[in-house]
Amino acid sequence: MEVLVLPTAADVARRAAEVVIEGLGAARRDEPVLGLATGSSPLGLYAELAAAVRAGRLDLTRARGFALDEYVGLPVGHPQSYREVLLREVCGPLGLDPGRLDVPDGSGRDEDELVAGAADYERRIAAAGGVDVQILGIGANGHLGFNEPGSALSSRTRVKRLSDRTRHDNARFFTGPEGVPTHCVTQGLGTVLAARRLVLVASGPAKADAVAAALEGPLSASCPASVLQWHADATAVLDEAAAARLRNRDYYDASAAGL
Ligand SMILES: N[C@@H]1[C@@H](O)[C@H](O)[C@@H](COP(=O)(O)O)O[C@@H]1O
């Protein structure tokens with residue numbers, strides 16, 4: 001695991017964009033696959049990737065995108081559905097063909113349809129050759145995607161209930177906590193671990209405890225983001241505030257300085 005600590009959130013966005021571009025290049029695939037997180041954490045990173053596209057340093061016209069998660073039950077076209085967020089924040093600015101964006105299907109009418117949709121999502125990721133670079137944020141409770149504390153470490157895409165904490169945290173995107181859907185379809189932690197490279201971005205003091213638990217605490221379902229420790233090619237890009245509770249900071253800085 002590589003831990004890069006930078007002064008500000010803007011620095012995090014710039015550096016993480018370089019890690020993503022490098023990872024997509026290293027994949028050497030005609031149709032590279034980018035795993036897409038939502039939430040506010042990766043927005044700066046997406047803006048940096050869009051700048052790289054405009055500068056001709058990145059071409060995503062043949063890339064595919066797979067979202068981490070989606071709410072259950074939002075009407076088609078709801079501005080806070082993750083499909084709409086990714087169409088807005090990623091497809092347009094980064095030149096990713098909307099026809100090549102895949103999002104878990106949260107529109108199933110009953111549990112059977114949702115379960116079938118989740119299994120189909122796993123098949124679609126596999127058919128695309130797997131995810132080359134997975135962008136990740138982290139919830140204040142350590143959730144990854146919508147894998148809440150208690151999620152099985154080897155879980156695959158499935159229907160889950162959102163925790164009250166997450167619904168409260170995401171209330172700012174809706175008309176209060178009651179407006180946030182109660183359920184989601186999320187890639188599992190095992191699905192995330194199958195990506196070839198993981199890039200986690202976090203900034204701000206509200207993430208400091210979750211970041212410390214994820215990177216330096218025990219590998220545990222109680223902190224789903226701790227699965228990063230199990231992955232052979234994971235990079236965490238943090239600002240000073242998000243890194244404030246890390247104990248091995250000296251080692252990370254020395255390692256980042258290179259040979
Ligand atoms: N499902 C998403 C996650 O993928 C995201 O990483 C996390 C943190 O969100 P934010 O970046 O807005 O703090 O919670 C959201 O609910």
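The chain goes by Glucosamine-6-phosphate deaminase in an unreviewed UniProt entry, where it is assigned to Terrabacter aerolatus.

Draft legend 1. Main features of the nonpolar core. Ranked by size, the top nonpolar core spans 68 residues in total, and within it Val-20, Leu-49, Leu-144, Leu-215, Leu-238 and Leu-246 carry the most contacts. Excluding anything up to four places from it in sequence, Leu-238 contacts Val-3, Leu-4, Val-5, Leu-6, Val-12, Ala-202, Val-211, Leu-215, Ala-243 and Leu-246. Residues Tyr-71, Leu-74, Tyr-82 and Leu-162 belong to the second largest nonpolar core, which totals 10 residues.

Draft legend 2. Spatial organisation of the environment of Val-227. As for its placement among the helices and strands, Val-227 is situated in the loop between α7 (208–216) and β10 (234–239). Here Val-227 falls in the buried class, since its relative accessible area comes to 1%. For the pair Val-227 and Leu-94, spaced 133 residues apart in sequence, the C-alpha to C-alpha distance is 29 Å. Excluding residues within four positions of it along the chain, Val-227 makes contact with Leu-144, Leu-153, Leu-189, Leu-193 and Leu-219.

Draft legend 3. How the structure looks around the pattern of salt bridges. Across all of its chains, the model carries 18 salt bridges by this definition. Where Asp-11 meets Arg-14, a salt bridge forms, and the shortest distance between an N and an O atom there is 2.8 Å. Residue Asp-11 and its partner Arg-14 are both found in helix α1 (residues 9–27); the two are separated by three residues, about one turn of the helix. The closest approach of N and O atoms between Arg-249 and Asp-253, which form a salt bridge, is 3.0 Å. Here Asp-253 and Arg-249 lie together in helix α8 (residues 249–256), a separation of four residues that amounts to about one turn. We classify Asp-253 as partly exposed; its relative accessible area is 33%.

Rules behind the numbers
- Residues numbered from 1 in each chain as written.
- Predicted model: local features only at pLDDT ≥ 70, side-chain atom pairs only at ≥ 80, totals over all residues.
- Heavy atoms only, no water.
- Core = buried A, V, L, I, M, F, W, Y, C linked by side-chain atoms within 4.5 Å.
- Buried < 20%, exposed > 50% of the residue type's maximum accessible area, 1.4 Å probe, protein only.
- Contact = heavy atoms within 4.5 Å.
- Helix = DSSP H or I, 4+ residues; strand = E, 2+ residues; numbered from the N terminus.
- Salt bridge = Lys/Arg side-chain N within 4 Å of Asp/Glu carboxyl O.

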